[in-house]
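Close look at the chain arrangement
Spelled out, the chains give:
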There are 2 protein chains.
Amino acid sequence: MSEAHEVKNPWEQKDQQMEQIKNRMNKIQHKIAIISGKGGVGKSLVTVNLAMGLADNGRVAILDADLTGPCVPKMLGLKGTKMRAGPTGIAPVVGPKGVEVVSMDFLLPNDEAPVIWRGPLKMGAIRQFLGEVAWGEQEFLLVDLPPGTGDESLSILQLLPEMDGVIIVTIPSEVSQAVVKKAITFARKMNVPVFGIVENMSGMICPHCGETINVFSEGGGAKVSEEMNVELLGSIPMDPKVSVDSDAGVPFILNNPDSPASKAFREIIEKIVKKVK
Amino acid sequence: MSEAHEVKNPWEQKDQQMEQIKNRMNKIQHKIAIISGKGGVGKSLVTVNLAMGLADNGRVAILDADLTGPCVPKMLGLKGTKMRAGPTGIAPVVGPKGVEVVSMDFLLPNDEAPVIWRGPLKMGAIRQFLGEVAWGEQEFLLVDLPPGTGDESLSILQLLPEMDGVIIVTIPSEVSQAVVKKAITFARKMNVPVFGIVENMSGMICPHCGETINVFSEGGGAKVSEEMNVELLGSIPMDPKVSVDSDAGVPFILNNPDSPASKAFREIIEKIVKKVK
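Predicted model, so just to flag it, every value in this text is computed and none were measured.

1. Considering unusual backbone geometry
Unusually for a residue other than glycine, Asn229 of chain A sits at a positive phi of about 55 degrees. As for its placement among the helices and strands, Asn229 of chain A is situated in the loop between helix H7 (220-228) and strand S12 (232-235). Note on Asn229 of chain A: 8 C-beta atoms within 10 Å, which makes it exposed. The residue Ser217 of chain B is not glycine, and still its phi comes out positive at about 60 degrees. Mapped onto the secondary structure, Ser217 of chain B falls in the loop between strand S11 (212-213) and helix H7 (220-228). Owing to 22 C-beta atoms within 10 Å, Ser217 of chain B belongs among the buried residues under this scheme.

2. Considering the sheet that holds strand S1 (residues 28-36) of chain A
Residue and element names in this part refer to chain A. Read across the open sheet, the eight strands follow the order S5-S6-S2-S7-S1-S8-S9-S12; overall the sheet is mixed. Looking at strand neighbours, the two that pair on one side only are strand S5 (93-94) and S12, the edges of this open sheet. Relative to strand S7 (residues 138-144), strand S2 (residues 60-64) runs parallel, the two sharing five bridges. Each bridged residue has a counterpart across the sheet, and for Asp64 the counterpart in S7 is Asp144. Set on the sheet, helix H2 (residues 43-54) makes contact with S1, S2, S7, strand S8 (165-170) and strand S9 (194-199); between it and S7 the angle comes to about 170 degrees.

3. Remarks on the pairing of strand S2 (residues 60-64) of chain B
Residues and elements named next belong to chain B. Burial runs high along S2: five of the five residues are buried. Side-chain alternation along S2 places Val60, Ile62 and Asp64 on one buried face and Ala61 and Leu63 on a second face that is also buried. Relative to strand S6 (residues 100-103), S2 is paired through four bridges, and the arrangement is parallel. Across the sheet, the residue bridging to Ile62 is Val101, located in S6.

4. Here's the deal with the confidence of the model for chain A
Residue and element names in this part refer to chain A. Averaged over all residues, the pLDDT of chain A equals 91, while 96% of them reach at least 70. Of the regions scoring below 50 in pLDDT, residues 1-5 engages in five contacts with residues more than four places distant in sequence or in other chains. With a pTM of 0.86, the predicted complex shows an ipTM of 0.78.

5. Some points on the relation of the copies chain A and chain B
Least-squares fitting of chain A to chain B yields an RMSD of 0.0 Å, with the transformation described by 0.0 Å of translation along the axis and a rotation of 180 degrees. Given the turn and translation reported, the copies of this chain are related as if by a two-fold rotation axis. Most of the interface of chain A is mirrored in chain B, where 100% of its interface residues are also at the interface.

6. A short note on the nonpolar core
Of all hydrophobic cores here, the largest spans 166 residues; its most connected members are Ile34, Ala51, Leu142 and Ile168 of chain A together with Ala51, Leu142 and Ile168 of chain B. Residues within four places of Leu142 of chain B in sequence aside, it is in contact with Ile32, Ile34, Thr47, Leu50, Ala51, Val60 and Ile62 of chain B.

7. A short note on the interface of chain A and chain B
In this complex, chain A contributes 53 residues to the contact, which on the side of chain B involves 53 residues. Elements with a contribution of two residues or more to the side of chain A that touches chain B: helix H3 (72-75), helix H5 (151-159), helix H6 (174-189) and helix H8 (240-248) of chain A. Of all the elements, H6 of chain A adds the most residues to the side of chain A that touches chain B, at 10 residues. Its residues assigned to classes, the side of chain A that touches chain B comprises 25 nonpolar, 16 polar and 12 charged.

8. Digging into the sheet that holds strand S1 (residues 28-36) of chain B
All names here are of chain B. Taken in spatial order, the eight strands of this open sheet run S5-S6-S2-S7-S1-S8-S9-S12, and their pairing is mixed. The sheet is open, and its two borders are formed by strand S5 (93-94) and strand S12 (232-235), each paired with just one other strand. Note: S5 against S6, two bridges, orientation antiparallel. Along S6, the bridge assignment pairs Val93 with Val101. Together, S1, strand S8 (165-170), strand S9 (194-199) and S12 form the strand contacts of helix H10 (residues 260-276), whose direction differs from that of S12 by roughly 165 degrees.

9. Concerning the packing of H6 of chain A against H7 of chain A
All names here are of chain A. Look at H6 against H7: their axes get within 10 Å of each other, and the N-to-C directions meet at 35 degrees. Both H6 and H7 take part in a crossing whose hand is right-handed. Here Glu174, Ser176, Gln177, Val180, Lys181 and Ile184 of H6 come into contact with H7, specifically with Gly220, Lys223, Val224 and Met228. Among the residues making up the contact of H6 with H7, the classes are represented as four nonpolar, three polar and three charged.

10. Let's talk about H10 of chain B
An α-helical segment advances 3.6 residues per turn. Residues three or four places apart therefore align on the same side. Residue and element names in this part refer to chain B. When the terminal C-alpha atoms of H10 are compared, their 25 Å separation across 17 residues agrees well with the 24 Å that a helix rising 1.5 Å per residue should span. By the burial criterion, the buried members of H10 are Ala261, Ser262, Ala264, Phe265, Ile268, Ile269 and Ile272. Seen end-on, H10 carries its buried residues on one side only, within an arc spanning 155 degrees.

11. Notes on helix H5 (residues 151-159) of chain B
Burial analysis of H5 of chain B places seven of its nine residues in the buried class, which makes it a mostly covered element. For H5 of chain B, the full list of buried residues reads Asp151, Glu152, Ser153, Leu154, Ser155, Ile156 and Leu157 of chain B. Buried positions along H5 of chain B lie against helix H4 (119-132) of chain A together with S1, helix H4 (119-132) and strand S7 (138-144) of chain B.

Calculation criteria
Residues numbered from 1 in each chain as written. Chains lettered and ligands numbered in written order. Predicted model: local features only at pLDDT ≥ 70, side-chain atom pairs only at ≥ 80, totals over all residues. Helix = DSSP H or I, 4+ residues; strand = E, 2+ residues; numbered from the N terminus. Buried ≥ 20, exposed ≤ 12 C-beta atoms within 10 Å, placed from the backbone. Pairing = 2+ DSSP bridges. Contact = placed C-beta atoms within 7 Å. Axes fitted to C-alpha atoms, helices over the stretch in contact; angles between N-to-C directions. pLDDT = per-residue confidence, 0-100. Least-squares fit on C-alpha atoms with pLDDT ≥ 70 in both. Core = buried A, V, L, I, M, F, W, Y, C linked by C-beta atoms within 7 Å. Nonpolar A, V, L, I, M, F, W, Y, C, P; charged D, E, K, R; others polar. Left-handed = near helix turned anticlockwise from the far one by under 90°. Expected span 1.5 Å × (residues − 1). Arc of directions from axis to C-beta.

Dropping the structure here:
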């Protein structure tokens, strides 16, 4: 596009930024967004554990696009780390299994600082994350989007029209299903393929007596999968160790490889790898 | 303020809208916002059950300000109902115990329709909900805000500077605590009193063996209460019946009045009533 000038007008700047995003994103083979209707369904948990599994298949990066409530750094034991500027752009923070992470959390002075931004500022931050980070060559970029169908999600899907697909995370309760349908319709309206649904918190085995407890009802993932004609990629059972591991910053799938939840994660990862190849 | 003219300029229209909001809101004695850092911590559940308890003390209204993922109607058994325009403004939908509810959900054609709006449109919707709904005389208005510190939360706190206070909902895990601190700082920056923290999903009694399971770790609410110098209003234990009741559209506190969770809710309600009187 246009040559760099001494004085740029805003439109030229924007063109250059789009060009920069295109160049950076061209080096990443597969881009997958993780979305949910409702918050708190374990979207960041799914992102982090999928990243760990996908890292066996090539280089993986995570963009934590939840600007107001970034959780990925804490879950990967990267809290307190900062991103630094290098010769080719902002350098992502390197986490377990070499996964490279970009998050608003790495730019905030402390945990208490809120990001009180309206939409246009968020759009700007997302653009910078995509265009000014030295992502380098990657097999996979996982984008952890904030809940709902607001500014960040809209920005990401508009800026990355070549997105391979979205994974939708939900929990089994009916209250969640109403909201997850909106997320599926949102992805379809944006012309992004829907890879499928991951049902998280799908029943819990009591660690004391071994009986199953359906904490958040049951069957919601299968129901919405059928109603919306979307594949159910898998159901991940609840496990109190998940919360303990997340708090400790250790990916669950690495720390508890033999648990039913980790097995469910690995089956989902296999399906995703097949989908993009 | 200014008289109505035949042709209004945008500034005059905005002034009139602000005047309208002021008039409507003057008839409501106490306004309380329910916020959270992370989503999925049970903010709508807390709102709905607080409303049921507060309804013993006077008329109560709920503004479901989560525009992209409204859950309050489903939880109150009001799905499929529509708001209608009346002579004095849009009429709220009347739910259990006479609680009046306004939600984006009452305006959507179906469950699958997503609200794909950027910030300024959201601000407009919030203004209309506050100014054009025939709220009438109310003792309490509970505002269920979406997770995080984004556009809707910012709009509500700017439009309602006379807010009595905010209640912050969290779960016991550390990952949530980092985000809840942001919400507390956000409320303080907006000069709104913080009534305190409600810790939801605080341990579960196994329905099979009676042992306690700390599904989302433990003690996070107390820890953040101490660190941020905010009162812990109460801890609500998990109960699989909560999800079943929410799905069925029956407020838990009415359906299971003798459960430990309902007792915890009633203690929190007493504290809130004391705070506003």
